[in-house]
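If you want the building blocks of each chain, they are given just below.
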Amino acid sequence: MLGYILRKTLMVVPILIGIATITFLLNFVFVPGDPVRISMGQHADPETIEMIRAEMGLDDPLIVQYGRFIGGLFKGDFGKSFTTRQPVLDMVLERFPATAKLALAATIISIVLGVSAGIVSAVKSNSFLDYFFMTFSMLGISMPVYWLGLVLIVVFSLNLDLLPAGGYGSGSLRYLILPAFALGFRQAAKVARMTRSSMLEVIDKDYVKTARAKGLSEQIVVIKHALKNALIPVITVIGTQLGYLLGGAVLTESVFSWPGLGRLAVNAVLKRDFPLIQGTVIFLAACFVLVNLLVDLSYGLLDPRIRYD
Amino acid sequence: MSSTLLEVKDLQTYFFTDRGTVKAVDGVSFDVEKGETLGIVGESGSGKSVTAASIMQLVPSPPGDIVGGEINFKDENLLDLKMKRIRKIRGNEISMIFQEPMTSLNPVYTIGEQISEVLRLHQGLNKDEALEKSIDMLEKVGIPSPEERVHEHPHQLSGGMRQRVMIAMALACNPELLIADEPTTALDVTIQAQILELMDELRDEFNTSIILITHNLGVIAEVADKVAVMYGGRIVEQTDTVTLYKDPEHPYTAGLIKSIPKIEGSEGKLKPIKGTVPDPLNFPNGCKFANRCNYAEEKCWAEEPDLEEVKPDHYVRCWRWKELDLKNESEVK
Ligand SMILES: Nc1ncnc2c1ncn2[C@@H]1O[C@H](COP(=O)(O)OP(=O)(O)OP(=O)(O)O)[C@@H](O)[C@H]1O
Ligand code: SF4
Ligand SMILES: [Mg+2]
C-alpha cells in the first residue's frame, strides 16, 4: 500500500511535466509572433517591450527557454506575469483560497443533497419521490450554472434581500452561500444520478438480503451494507468534480464576482498573459491529478478486494 | 414428546406484476416441531423460496404481498407483528441461510465484523466479546485457524468456507429455527455432504429446528424428518421422509424420486420429469401437474384436487392416488 502511494505520487511528476510541456508549446503553436507585444497591446513603447523580452529571456533559443521554464517549475518559479510583473505562483496562491472554499462548499452541498436524494430514489425506485428527485436532477444537469446563479441572485438578493448578490465579503459565510449553491446544485444532480444507479445495482444483492435477515434496521441495511458497496462510482464522480472545481469555476465566479482562480485564468487569457495562463493551467492540472490520486487510494479503503500491487 | 415451534397455515403470497398476478405460494400449510427438520422440495419456481421469505417477512414488496394465512411461531402470529418485533426475531430466533454463499456475505466487511454484527445486535455483546464468540462459532462450523480467518474478507474464502461462515452467522444467536434455502446447491458434491453433515450435527447440539429447502430429494433423504413436496405454489404431498421414499402417492413425487441420481446404482442416470412447469401467470384450472402426468385423465384437467389426508400425517393432492401404484414405478427402472 505504501509502495503504491509512493509510486502513484511519483507518477504525478511526469504527468505534470507533460502538461507543462504542452502548455509551453501551445503558446507557440497558437500564438505566433511576439507574446509580449500582443499582451502589451499595439501601442506599447518598443523600449519597454525590449526590456521585458530581455528580462524574460524571450530572445533565447526555444530549447533554452523550455529548459528554464521546466527547471523553474521544480523550484516553484512559474515565471512572472506579463501584465502585473508579479510572480505567477503568488498570484495563483492568492486566488486559491477563494476557489478552494467555493469548491469545497459546493462539493459538500453536492454530497449531502446528491447522495441522500440518490439513496432515497434507489430505495423507493419508481415511486413519486424517485421521479421527483430524478426530474429535479435532470433540471440540475441541463440548467446552465450562470442561469441558476442569476435566478438565485434575483430571488435571494434582489427580491428577498437575504444574501449578497456577489463579491467575497472578505470571507464571510453569507457571501459563500449563493455561489456554493449555484455550483453545488449541478454537482448534486450528477451525484444523485450516480448514487441512484449505483445503489440500484447493489440493493437486490444477496448480501443485502442477508443483512435484512439478520434483523438489522432498514437504515443500517441501506447505509452500512448497501451504500458502502455502491460508493466507488459515486466517489469517482465527486472526486473528478472536485478536481475540476479546484481549478476555478469560471462561470460561477464571474456571475458572483468571486475572486477565484477561474476569473484569474479568464483575465489571463483575455490579456494574453502567457506565463499566467501556463501557471494556472499547471496548477489546475496538479490539483486534478492529486484529487484523483486521493480518489484512487480511497477505493482500497472501501473495497478490500482492490489490491495495490 | 414434541411441541410445535412453527405452524404455517394456508399461507398465500402473491406477486402483483405488470403482466398479472403470480400466485407464488397459494394455500401452503405445514408444522415444524422443536428439533425437527422439515424438507421442502420442488422444482425451480414452485414457491419454495417465497415460502421461506414469507416466514422471514422478506418478501419484496412491491410487487409481493402476503395476502392470506397465518405463520404462528411459538405463540405469536408473525403476520400480526410490528416490524420492530420482527426484526428482533430475525437473525435471533429465526435465521436464514441462502443458496449463494459466494454472494451472500458482504464483500466489504470482514467475516468477524459480519458475525459480530448479529451478536452485538441481538445479544448486546461488546466488540471484543462479539469477536471472541465469532471465533468460537467459526471453530464450531469447522473453519481451520479461526483466529486468523475471522479477520479475513469473504473473497479470501472458498465457497464451502463461506457457507460455513453463513451457518456460523445464522447460528450465532442460537436460533430456534434455521431456514436453509438450498444451502448446498451451489457447492460441489463433497462439500455439499460436509455442509449437510455439519447442519445435522449442529441441530443435535443446539436442538435447532430446520427447514431445509432444496430441489434435490437426495439431499432431503439424508437429513429431513419429514418432507413437503411443492408444485406450482402448492404442497402436493407431505409425509415423513421414510414413507415418502418408500410409498409416494403423488405422481410428481414419484417422478422426483426417479430423478435422484443414484451413485451406486447400476445405471446412475438422471431421469428428469418430462415437460415444464406451467406458466405461473396462467395456471390451468385443473391439476397443475396434468400436462406432465402420465396418469392425467379428464377430471384432472377439469378440477384441481384438494390436499387429502390419505393416511395419518400423509397428505396428497391427487385425484387418483388410490388407484395408482407408484411404489413400483419409483423403485424399478
Ligand atoms: N420478486 C418477484 N416478482 C415476481 N414474481 C416473483 C418474484 N419472486 C418470485 N416470483 C415468482 O414466484 C414463483 C416462485 O418463486 P420461488 O423463488 O419461490 O421458486 P423456488 O421454488 O424457490 O425456485 P428455485 O428452485 O429456482 O429457487 C416463481 O414463479 C417466480 O416467478
Ligand atoms: S390429479 Fe391427475 S394429473 Fe394430477 S397428479 Fe393426480 S393423476 Fe396426475
Ligand atoms: Mg429458490
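The rules behind these values
- Residues numbered from 1 in each chain as written.
- Chains lettered and ligands numbered in written order.
- Predicted model: local features only at pLDDT ≥ 70, side-chain atom pairs only at ≥ 80, totals over all residues.
- Heavy atoms only, no water.
- UniProt positions renumbered as here; feature names shortened; annotations may be inferred.
- Helix = DSSP H or I, 4+ residues; strand = E, 2+ residues; numbered from the N terminus.
- Rg over C-alpha atoms; globule rule 2.2 N^0.38 Å.
- Buried < 20%, exposed > 50% of the residue type's maximum accessible area, 1.4 Å probe, protein only.
- Contact = heavy atoms within 4.5 Å.
- Lys, Arg positive; Asp, Glu negative; His and termini not counted.
- Charge placed at Lys NZ, Arg CZ, Asp CG, Glu CD.
- Pairing = 2+ DSSP bridges.
- Axes fitted to C-alpha atoms, helices over the stretch in contact; angles between N-to-C directions.
- Near = heavy atom within 4 Å.
- Polar contact = N/O pair within 3.5 Å; in protein donor to acceptor, adjacent residues only side chain to side chain.
- Areas by Shrake-Rupley, 256 points an atom, 1.4 Å probe, with all protein chains shown as cover.
- Nonpolar A, V, L, I, M, F, W, Y, C, P; charged D, E, K, R; others polar.
- Core = buried A, V, L, I, M, F, W, Y, C linked by side-chain atoms within 4.5 Å.
- Salt bridge = Lys/Arg side-chain N within 4 Å of Asp/Glu carboxyl O.
- Parallel < 35°, antiparallel > 145°, perpendicular 65-115°, else oblique.
- Left-handed = near helix turned anticlockwise from the far one by under 90°.
- Buried area = accessible area lost by both parts, 1.4 Å probe.

- We quote the UniProt Subcellular location (unreviewed entry) comment for chain B here in full: "Cell membrane".
- Under the UniProt heading Sequence similarities (unreviewed entry), the entry covering chain B gives this text: "Belongs to the ABC transporter superfamily."

- Under an unreviewed UniProt entry, the name given to chain A is Peptide/nickel transport system permease protein, and the organism recorded is Halanaerobacter jeridensis.
- Quoted verbatim from the Subcellular location (unreviewed entry) field of the UniProt record, the comment on chain A reads "Cell membrane".
- According to its UniProt record, chain A has this under Sequence similarities (unreviewed entry): "Belongs to the binding-protein-dependent transport system permease family."

**Remarks on the overall build of chain B**
Line of reasoning, step 1. Helix and strand counts for chain B stand at 13 helices and 12 strands.
Line of reasoning, step 2. Taking 333 residues into account, the globule formula puts the C-alpha radius of gyration at 20 Å, and chain B, at 21 Å, falls close to it.
Line of reasoning, step 3. Reported as C-alpha extents along the three principal axes, the dimensions of chain B are approximately 65 × 50 × 45 Å.
Line of reasoning, step 4. The buried share of chain B, reckoned over its 333 residues, is 53%.
Line of reasoning, step 5. The long-range fraction of contacts in chain B, counting pairs at least 24 apart against all pairs at least 6 apart in sequence, stands at 64%.
Line of reasoning, step 6. Side chains of chain B give 37 positive and 55 negative charges; the mean places of these two sets differ by 3 Å.

**Describing the sheet that holds strand 2 (residues 20–33) of chain B**
Residues and elements named next belong to chain B.
Line of reasoning, step 1. Overall, antiparallel pairing links the 4 strands, which are arranged 2-1-4-5 in an open sheet. The open sheet is flanked by strand 2 and strand 5 (76–77), the only strands paired with a single partner.
Line of reasoning, step 2. Where strand 1 (residues 4–17) and strand 2 come together, 10 bridges link them in antiparallel fashion. Note that in strand 2 the partner of Glu 7 across the bridge is Asp 31.
Line of reasoning, step 3. Most of the contacts of helix 1 (residues 48–56) go to strand 1, to which it runs at about 110°, and overall it touches strand 1, strand 2 and strand 4 (64–73).

**Overview of the UniProt feature "transmembrane region" (unreviewed entry) in chain A**
Residues and elements named next belong to chain A.
Line of reasoning, step 1. In this numbering, the UniProt entry assigns the feature "transmembrane region" (unreviewed entry) to residues 12–31, 102–123, 135–160, 172–189, 230–256 and 276–302.
Line of reasoning, step 2. As annotated, residues 102–123 has a helix share of 100% and a strand share of 0%, and its two end C-alpha atoms lie 31 Å apart.
Line of reasoning, step 3. As a span, residues 276–302 carries 100% helix and 0% strand, and end to end its C-alpha atoms are 39 Å apart.

**Regarding the site of ligand 1**
Residues and elements named next belong to chain B.
Line of reasoning, step 1. For ligand 1, the set of nearby residues contains 16 residues, the closest of which are Ser 44, Gly 45, Lys 48, Ser 49 and Val 50.
Line of reasoning, step 2. In this structure, an oxygen atom belonging to ligand 1 sits 3.2 Å away from a main-chain N or O atom of Ser 46.
Line of reasoning, step 3. Isolated, ligand 1 exposes 630 Å² of accessible area, and the fraction of that covered by the protein chains is 69%.
Line of reasoning, step 4. Among the secondary structure elements, those contributing two or more residues to the shell around ligand 1 are strand 1, strand 2 and helix 1.
Line of reasoning, step 5. Top element by residues in the shell around ligand 1 is helix 1. It accounts for 3 residues.
Line of reasoning, step 6. Residue composition of the shell around ligand 1, by class: 7 nonpolar, 6 polar and 3 charged.

**Let's talk about the UniProt feature "domain: ABC transmembrane type-1" (unreviewed entry) in chain A**
Line of reasoning, step 1. Mapped onto the present numbering, the UniProt feature "domain: ABC transmembrane type-1" (unreviewed entry) falls at residues 96–295 of chain A.
Line of reasoning, step 2. Annotation note: span residues 96–295 of chain A, helix share 82%, strand share 0%, distance between end C-alpha atoms 21 Å.

**Some words on the UniProt feature "domain: ABC transporter" (unreviewed entry) in chain B**
Line of reasoning, step 1. According to UniProt, the positions carrying the feature "domain: ABC transporter" (unreviewed entry) are residues 6–257 of chain B.
Line of reasoning, step 2. When the span residues 6–257 of chain B is considered, its composition is 40% helix and 28% strand, and the gap between its end C-alpha atoms is 27 Å.

**Observations regarding the site of ligand 2**
Line of reasoning, step 1. Of all residues adjacent to ligand 2, which total 13 residues, the nearest are Cys 287, Cys 293, Cys 300, Cys 318 and Trp 319 of chain B.
Line of reasoning, step 2. Of the residues that constitute the shell around ligand 2, the class distribution is 11 nonpolar, 1 polar and 1 charged.

**Looking at helix 1 of chain B**
Residues and elements named next belong to chain B.
Line of reasoning, step 1. Most of helix 1 sits inside the fold, with 8 of its 9 residues counted as buried.
Line of reasoning, step 2. When we look at burial in helix 1, the residues that qualify are Lys 48, Val 50, Thr 51, Ala 52, Ala 53, Ser 54, Ile 55 and Met 56.
Line of reasoning, step 3. Backbone geometry just after helix 1 places Gln 57 at a positive phi near 60°.

**Points about the nonpolar core**
Line of reasoning, step 1. If you look at the biggest cluster of nonpolar residues, it comprises 71 residues, and the most contacted ones within it are Leu 6, Phe 30, Ile 55, Ile 179 and Ile 211 of chain B.
Line of reasoning, step 2. A total of 7 residues in this core trace back to one element, the largest contributor, which is helix 7 (residues 159–171) of chain B.
Line of reasoning, step 3. In contact with Ile 55 of chain B, not counting residues within four places along its chain, are Leu 6, Val 8, Phe 30, Ile 71, Leu 78, Ile 94, Ile 179 and Ile 211 of chain B.
Line of reasoning, step 4. Ranked by size, the runner-up nonpolar core spans 41 residues in total, among them Leu 58, Phe 78, Val 92 and Leu 276 of chain A.

**As for the pattern of salt bridges**
Line of reasoning, step 1. Counted by the stated rule, this structure contains 24 salt bridges over all chains.
Line of reasoning, step 2. One salt bridge in this structure joins Glu 117 of chain B and Lys 214 of chain A, with 2.6 Å as the shortest N-O distance. Of the two residues, Glu 117 of chain B sits in helix 4 (residues 111–123) while Lys 214 of chain A sits in the loop between helix 9 (206–213) and helix 10 (218–246), which places them in two different chains. Note on accessibility: Glu 117 of chain B and Lys 214 of chain A belong to one class, buried.
Line of reasoning, step 3. Here Lys 226 of chain B ties to Glu 36 of chain B by a salt bridge, and the two come within 3.4 Å at their closest N and O atoms. In this pair, Lys 226 of chain B sits in strand 9 (residues 226–231) while Glu 36 of chain B sits in the loop between strand 2 and strand 3 (37–41), placing the two residues 190 residues apart along the sequence.
Line of reasoning, step 4. Here the salt bridges share partners, and the residues they tie into one network are Lys 74, Glu 76, Arg 85, Glu 93 and Glu 176 of chain B.

**A few points about the packing of helix 4 of chain B against helix 7 of chain B**
Residue and element names in this part refer to chain B.
Line of reasoning, step 1. The geometry of helix 4 relative to helix 7 is characterised by a closest axis approach of 8 Å and an angle of 20° between their N-to-C directions. Comparing their axes, helix 7 and helix 4 come out roughly parallel. Considering how the two elements wind past one another, helix 4 and helix 7 form a crossing that is right-handed. Between helix 4 and helix 7, the residues in contact are Ile 111, Gln 114, Ile 115 and Val 118 and Val 165, Ala 168 and Met 169, respectively.
Line of reasoning, step 2. Its residues assigned to classes, the contact of helix 4 with helix 7 comprises 6 nonpolar, 1 polar and no charged.

**Structural notes on the interface of chain A and chain B**
Line of reasoning, step 1. The interface of chain A with chain B comprises 20 residues on the first partner and 24 residues on the second.
Line of reasoning, step 2. Taken over both partners, the interface formed by chain A and chain B buries close to 2,000 Å², and the fraction arising from carbon and sulfur atoms is 61%.
Line of reasoning, step 3. When the buried area of chain A at its contact with chain B is split by residue, Ala 213, Lys 214 and Pro 304 of chain A rank highest and sum to 29% of it.
Line of reasoning, step 4. Counting across the chain A and chain B interface gives 2 salt bridges.

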